[in-house]
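Notes for the structure review
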Amino acid sequence: MRIGIIGSENLNISVDRFIPPYASYILTGDGEGINKNVEKYAREHNLPVNVFKPDFQKFGQNAQIIRNKHLSVQAEMVIIIWDGKSNILRTTIEYAKNIRKQIKVFLIKN
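Throughout what follows, the structure given in this document is the object of discussion. What you are looking at is a predicted structure, and each value in this text was computed from that prediction instead of being measured.

Here's the deal with the nonpolar core
Formed by 18 residues in total, the largest nonpolar core has its most connected members in Ile3, Ile5, Val15, Ile19, Ile26 and Ile81. Contributions of two or more residues to this core are made by strand S1 (2-7), helix H1 (34-44) and strand S4 (77-82). In terms of residues, this core owes the most to one element, H1, which gives 4 residues. Those residues in contact with Ile3 that lie beyond four places of it in its chain are Pro20, Tyr22, Ala23, Tyr25, Ile26, Leu27, Ala75, Met77 and Ile79. Of all hydrophobic cores here, the second largest spans 11 residues; its members include Leu27, Val78, Trp82 and Ala96.

Printed below as a string of structure tokens:
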């Protein structure tokens, strides 16, 4: 299953427990924190991974939101590991719900 996994950049925690055993392909962003740890996990576990990069030149300050929307469309399930503060992730959660994706949100307080 294609799983999109993104999260807060200020969370630098292990992502092992958040990645379902049925994940066969990982989609993530290129940011620090959770995204970097998801990419590392995928590579260490020989899972194909597609890292989505925001196009700031084309989309300006909305680039990360647009990147997350593209990721959400391509994923069969979206997992968000969130600190509860990021408005970009809040928007992504709402978007994934609106397009009726299977979504799991893990709220991690710093």
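Remarks on the environment of Leu47
Looking at the secondary structure, you find Leu47 in the loop between H1 and strand S3 (49-52). Sequence separation of Leu47 and Ala23 is 24 residues, and the distance between their C-alpha atoms is 8.2 Å. When sequence neighbours within four positions are dropped, the list of residues in contact with Leu47 reads Ala23, Ser24, Ile26, Tyr41 and Ala42.

Thresholds, definitions, all that
Residues numbered from 1 in each chain as written. Predicted model: local features only at pLDDT ≥ 70, side-chain atom pairs only at ≥ 80, totals over all residues. Heavy atoms only, no water. Core = buried A, V, L, I, M, F, W, Y, C linked by side-chain atoms within 4.5 Å. Buried < 20%, exposed > 50% of the residue type's maximum accessible area, 1.4 Å probe, protein only. Helix = DSSP H or I, 4+ residues; strand = E, 2+ residues; numbered from the N terminus. Contact = heavy atoms within 4.5 Å.

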